Amino acid sequence: MTIEVSTSTDSILTNPEVGTAKVSTNKLSTKVDRAAYLGNLLSLRSTVDNLPWLQELRDQAAAIVQELAIPSTREEDWRFTDLSALVAHTWQQPDPAIDLKACDSIVLPEAGCRLVFMNGVFKSHLSKLEDLPAGVFVGNLAQLPSDRLAAVQAALGHQTGAEEVFTALNTASLTDAAIVCIPRNVAVEKPIHLVFLSRTAGTTTIAQPRCLVLAETGSAVTLVEEYSSADAPGTYFTNAVTEVVVGDNAQVNHTRIQWENQQAFHIGKTAVSQGRDARYTCTAISLGGQVSRHHFEVYSQGEQTHSQLMGLTIVDGDRTADTHSLIAFSKPYCTATQVNKCIADGKAHGVFNGRIYVPKLAQQTDASQMSRNLLLSSKARIDTKPQLEIVADNVKCAHGATVSQLEDDEVFYLQSRGIGADAARKLLTFAFATEIINQIPVASLRQSLTQMMRDRQAAS
Amino acid sequence: MICDNAELILSVKDLTANVDGTQILKGLNLEIKAGEVHAIMGPNGSGKSTFSKILAGHPAYEVTGGEIIFRGQNLLELEPEERARSGIFLAFQYPLEIPGVSNLDFLRVSYNAKRKHEGLEEMDAFDFDDLVHEKLGLLKMDAEFLDRGVNEGFSGGEKKRNEILQMALLEPSLGILDEIDSGLDIDALRIVASGVNALSNENNAMLLVTHYQRLLDYITPDYVHVMANGRILETGTKELALELEAKGYDWILEGAAA
Ligand SMILES: Nc1ncnc2c1ncn2[C@@H]1O[C@H](COP(=O)(O)OP(=O)(O)OP(=O)(O)O)[C@@H](O)[C@H]1O
Ligand SMILES: [Mg+2]
């Protein structure tokens, strides 16, 4: 019997010099207030006609939402992420007249097809739904062929964790969804590009995009999921949910990029289930939003699954970016690797909470989690908390967390070769991020992210 | 090679320095002329690496007295990167790993920083590629090392060779090699030493910090200094190194105490 739990630290690491979180004057101080606020968000949802199964799913979720409230920092799970700034706004449904003629900036040359939603609404003229192997479906609910309906109904809204407040709110408000179905043993060569744009016309609007990916047994697909305002200003709230079902022996390589604008609020859920021998790789990049939170949940449901979760968050100004991840095993012989990195500058606050759950049945699990964090300013703050819950007794689980500044010795090494101090710091920060960016399987995306980093550095 | 009317490259007078409030250097004097190879030996903790890093401008060390003149310039007024561009090169005792920065990019950026300082145009990627491959040959290094992160996952010997590769590109007027021989097997030592010898000429100088006579079999020093307790206690020729190898340092330390 072996239990290897190696750890560099399991406590909460913070910069000792940090200040306190900002205080909003619009705090909803009681749970009743926060429940009422949530009720208002629920009442914004539009109706769906002619889809009784969807109405039923929505009703069930609405019933859950009615029992809940917007979380406060008194709840352990939201301790570091204050939603006061979110609830200070009154959100409205976006004006359906808002549209875009074209959006060249979102085009990925490598992608075979592109599915675009704006403010939660499918945009066929911005999408490109061609160049797909036979049997593969990419589209919205209205386009779904009838022979796919049963599979979609069985999966949509059925991942574990559906009762989480923002997930349930999304489900209760569901009117349409981005759907990707890859049939058995089909390998899609070119990446599928899923774009969720937000545009406001001066009002504070909420959109709740939804996505479902079904990769059947033995299939293979590369997904790029993007959230952005395409450089438009405006305060908006994206509450997104994506469910990914990776069938037995299927392979999904997923890139999720959140580059909302700096005023936006983004709460996103990625819920993944993996069948036996399924391989799931995700690189999640979080760049935008004044407050952003990513719930990243991977449920391994068969033997010999492999999961790789790479995360990069870059946060500055007085913004907050939070990643809450869960890898839950249930069967033996599974492996997982997770590396989460955060770079915090200015007075920003980065949060990482990474749970790994290994129940009694999941013997021979081999999992590692590393949280690496870089503080670029003395007023920035990073809270990181690995949480290993291991019941099985024959497993290998390692985790570690570091919070550091750029090492003087590293800067000096570069300086001693003639590179200026400022350039050296930028090069090192860049290098820290590059390790994650390089995991992305789409070259043009790596290039845009690299360029974005250079631009940000040039501006600072 | 000693040459009487050679240019004075480095002149250190009565240098004292602290780290974290503790005095490490306690009045160090040293002169190095163009064409010369100097070796500094001495017990652990005597301040050899401290002195090397002070020459390169490490911010952790506070110079409290004395002066360092490098080719007529007050070195202490220059930032580390300015020192590097003007011709100081330190091969570190423990070269750092910098994952994520490719070795090739790192070499090119530093090479071009120096060219810019000299008023030359930056070298383009193609020409630089040719140049770096030529230098790789000198150190018998595989081109594969260029694509890896700086020193990332390199063995101890590979890191040391990578340091000399950097020196070969930057062509400093003073190369300070802090224990370049430590942890090298005999083949790697020969390669590193022949690299250093190939780079030595009448216009530059080398300062070798070492614990072992073995390195000096391959790179012949003109002067050997013994450093202890933050000072240079004894200076001699290469025979001194042989004597140290045979007798240890105690006789010098005792002589100094007496
Ligand atoms: N940051 C520091 N804080 C306190 N003392 C330090 C620091 N850095 C070095 N020292 C001390 O300074 C002294 C000189 O160290 P240095 O590394 O220069 O010695 P050295 O001659 O290079 O030794 P070695 O032969 O072992 O490499 C040592 O006593 C060391 O412990
Ligand atoms: Mg030393």
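These figures come from a predicted structure and were not determined experimentally.

### Details of the coordination of the magnesium ion (ligand 2)
Taken together, the protein ligands of the magnesium ion (ligand 2) are Ser49(B) (OG) and Gln93(B) (OE1), with distances of 1.9 to 2.3 Å. Placement of the pair is Ser49(B) in helix H1 (residues 48-56) and Gln93(B) in the loop between strand E6 (88-91) and strand E7 (98-102), with a sequence separation of 44 residues.

### As for the sheet that holds strand E9 (residues 174-178) of chain B
Residue and element names in this part refer to chain B. The 6 strands are arranged E6-E9-E10-E3-E11-E12 in an open sheet whose pairing can be described as mixed. On the outer flanks of this sheet lie E6 and strand E12 (231-236), each paired with one strand and no other. Across the sheet, the axes of successive neighbouring strands diverge by a mean angle of 20°, strand direction being ignored. Here E6 runs beside E9; their pairing, made up of 4 bridges, is parallel. Of the residues in E9, the one forming a bridge with Ile88 is Leu174. Each of strand E3 (37-41), E6, E9, strand E10 (205-209) and strand E11 (223-228) touches H1; the most contacted strand, E6, lies at about 145° to it. Those strands touched by helix H9 (residues 238-247) are E3, E11 and E12, and its axis lies near 45° from that of E11.

### Considering the interface of chain A and chain B
Contact residues are listed per partner, giving 16 residues for chain A and 30 residues for chain B. Of the roughly 1800 Å² buried where chain A meets chain B, counting both sides, 69% is carbon and sulfur surface. Linking chain A with chain B are 1 salt bridge. Note that Arg417(A) and Glu163(B) form a salt bridge whose closest N and O atoms lie 2.8 Å from each other. Ranked by residue count, the leading element in the side of chain A that touches chain B is helix H6 (residues 408-415) of chain A, at 6 residues. By residue class, the composition of the side of chain A that touches chain B is 8 nonpolar, 5 polar and 3 charged.

### What to know about the packing of aromatic side chains
Residues and elements named next belong to chain A. All chains considered together, the criterion is met by 12 aromatic pairs over all chains. With centroids separated by 6.4 Å and ring planes inclined at 80°, the aromatic side chains of Phe166 and Phe237 adopt a geometry described as edge-to-face. Placement of Phe166 in helix H5 (residues 165-172) and of Phe237 in strand E10 (residues 236-246) is noted, with a sequence separation of 71 residues between them. Of the residues examined, Phe166 reaches a relative accessible area of 1% and is grouped as buried. Note on Phe237: relative accessible area 0%, which makes it buried.

### A look at a negative patch on the surface
Among the surface-exposed residues, Asp124(B), Asp127(B), Asp130(B) and Glu134(B) lie close enough to one another that they form a single negatively charged patch. With respect to the helices and strands, Asp127(B) occurs in helix H4 (residues 125-138).

### Some words on the nonpolar core
Ile285(A), Leu10(B), Leu28(B), Phe51(B), Leu174(B) and Leu207(B) are the most contacted members of the largest nonpolar core, which has 67 residues in total. Ranked by residues supplied to this core, first place goes to helix H7 (residues 421-437) of chain A with 8 residues. Each of domain 1 (3-412) and domain 2 (413-460) of chain A gives at least three residues to this core. Excluding anything up to four places from it in sequence, Ile285(A) contacts Arg256(A), Ile257(A), Gln258(A), Leu312(A), Ile436(A), Ile437(A), Ile440(A) and Leu449(A). The next biggest cluster of nonpolar side chains, apart from the first, holds 46 residues, and it includes Val37(B), Phe128(B), Leu139(B) and Leu216(B).

### Observations regarding the site of ligand 1
Residue and element names in this part refer to chain B. In the vicinity of ligand 1 lie 14 residues, with Asn44, Lys48, Ser49, Thr50 and His211 positioned nearest. Within the backbone of Ser46, one N or O atom sits 3.2 Å away from an oxygen atom of ligand 1. In the model, an oxygen atom of ligand 1 is placed 3.3 Å from a nitrogen or oxygen of the Gln93 side chain. Residue contributions to the shell around ligand 1 peak at 3 residues, all from H1. Looking at the shell around ligand 1 residue by residue, the class counts come to 3 nonpolar, 8 polar and 3 charged.

### Focus: the pattern of salt bridges
All names here are of chain A. Evaluation of the coordinates by the stated rule reveals 28 salt bridges over all chains. Among the salt bridges present, the one from Arg276 reaches Asp277, with a minimum N-O distance of 3.4 Å. For Asp277, a relative accessible area of 22% gives the class partly exposed. Several salt bridges share partner residues, and in doing so they unite Glu76, Arg79 and Lys385 into one network.

### Observations regarding helix H7 (residues 186-199) of chain B
With 14 residues, H7(B) should cover 20 Å at 1.5 Å per step; its first-to-last C-alpha distance of 20 Å lies within 8% of that length. Within H7(B), the full set of buried residues consists of Ala188(B), Leu189(B), Ile191(B), Val192(B), Ala193(B), Gly195(B), Val196(B) and Leu199(B).

### Looking at the domain arrangement of chain A
Many descriptions give the size of an interface as the accessible area lost when the pieces come together. All names here are of chain A. Partitioning chain A into domains gives domain 1 (3-412) and domain 2 (413-460). Centre-to-centre separation of domain 1 and domain 2, based on C-alpha positions: 25 Å. Surface buried jointly by domain 1 and domain 2 totals about 2500 Å² across both partners, of which 71% is contributed by carbon and sulfur atoms. Area buried by domain 1 at its contact with domain 2 is led by Lys341, Val411 and Phe412, which between them contribute 22% of it. Inspection of the region where domain 1 meets domain 2 yields 3 salt bridges.

### Thoughts on the sheet that holds strand E4 (residues 61-70) of chain B
Residue and element names in this part refer to chain B. Taken in spatial order, the 4 strands of this open sheet run E2-E1-E4-E5, and their pairing is antiparallel. Across the chains shown, the open sheet's two edge strands, defined by having one partner strand only, are strand E2 (22-33) and strand E5 (73-74). Inspection of the sheet shows strand E1 (residues 8-19) paired to E2 by 9 bridges, in the antiparallel sense. Within E2, the position partnered with Leu8 by the bridge is Lys33.

### Re unusual backbone geometry
The phi angle at Asp131(A) is positive, at roughly 60°, despite the residue not being glycine. With respect to the helices and strands, the residue Asp131(A) is situated in the loop between strand E3 (121-122) and strand E4 (137-140). Given a relative accessible area of 45%, Asp131(A) falls into the partly exposed group. One non-glycine residue, Asn151(B), lies in positive phi territory at about 60°. Structurally, Asn151(B) can be placed in the loop between strand E8 (149-150) and helix H6 (156-170).

Cut-offs applied
- Numbering of residues starts from 1 in every chain and runs along the sequence as written.
- Chains and ligands are labelled sequentially in the order written, the chains with letters from A and the ligands with numbers from 1.
- Only residues with pLDDT of at least 70 get local features here, since the model is predicted, and only at 80 or more are side-chain atom pairs given and counted; chain-wide, interface and lining totals rely on the full set of residues.
- Hydrogens and water are ignored here; the side-chain numbers use all heavy atoms of the structure.
- Listed donors are limited to N, O and S atoms within 2.8 Å of the metal, widened to 3.2 Å for Na, K and Ca; water is not among them, so incomplete-looking sites are possible.
- Strands here mean DSSP runs of E at least two residues long; helices mean DSSP runs of H or I at least four residues long; both are numbered from the N terminus.
- Whether two strands pair depends on DSSP finding at least two bridges between them.
- Here the axes come from fitting lines to C-alpha atoms, over the contacting stretch only for helices, and the angles between their N-to-C directions go from 0 to 180 degrees.
- By the convention used here, residues are in contact when the closest approach between their heavy atoms is within 4.5 Å.
- Values labelled buried area give the accessible surface lost by two parts on being combined, using a 1.4 Å probe and summing over both.
- The salt bridge criterion pairs a side-chain nitrogen of Lys or Arg with a carboxyl oxygen of Asp or Glu, the two atoms within 4 Å.
- Three classes are used: nonpolar for Ala, Val, Leu, Ile, Met, Phe, Trp, Tyr, Cys and Pro, charged for Asp, Glu, Lys and Arg, and polar for all others, with Gly counted as polar.
- Aromatic pairing here means that ring centres of Phe, Tyr or Trp (its six-membered ring) are within 6.5 Å. Orientation follows from the plane angle: under 30 degrees is stacked, over 60 is edge-to-face, and everything else is tilted.
- Three exposure classes are used, based on accessible area relative to the maximum for each residue type with a 1.4 Å probe and protein chains only: buried under 20%, partly exposed in between, and exposed over 50%.
- Here the term patch refers to residues with relative accessible area over 30% and no salt bridge, with like charges joined within 9 Å and nonpolar side chains (Val, Leu, Ile, Met, Phe, Trp, Tyr) within 5 Å.
- The Shrake-Rupley method, run with a 1.4 Å probe sphere, supplies the accessible areas, and residue values consider only the shown protein chains as cover.
- When charges are tallied, Lys and Arg are placed among the positive residues and Asp and Glu among the negative ones, while His and the ends of the chain are skipped.
- To locate a charge, take NZ of a lysine, CZ of an arginine, CG of an aspartate or CD of a glutamate.
- As used in this record, nonpolar core signifies buried Ala, Val, Leu, Ile, Met, Phe, Trp, Tyr and Cys residues forming a set joined through side-chain atoms within 4.5 Å.
- Domain limits in this description derive from either an automatic procedure or a database domain assignment.
- What makes a residue near a molecule or strand is one non-hydrogen atom of that residue sitting within 4 Å of it.
- Two N or O atoms form a polar contact when they lie within 3.5 Å of each other; inside protein one atom must be a possible hydrogen donor and the other a possible acceptor, and for residues adjacent in sequence the pair counts only when both atoms belong to side chains.
- Take the number of residues in a helix, subtract one, and multiply by 1.5 Å to get its expected span.

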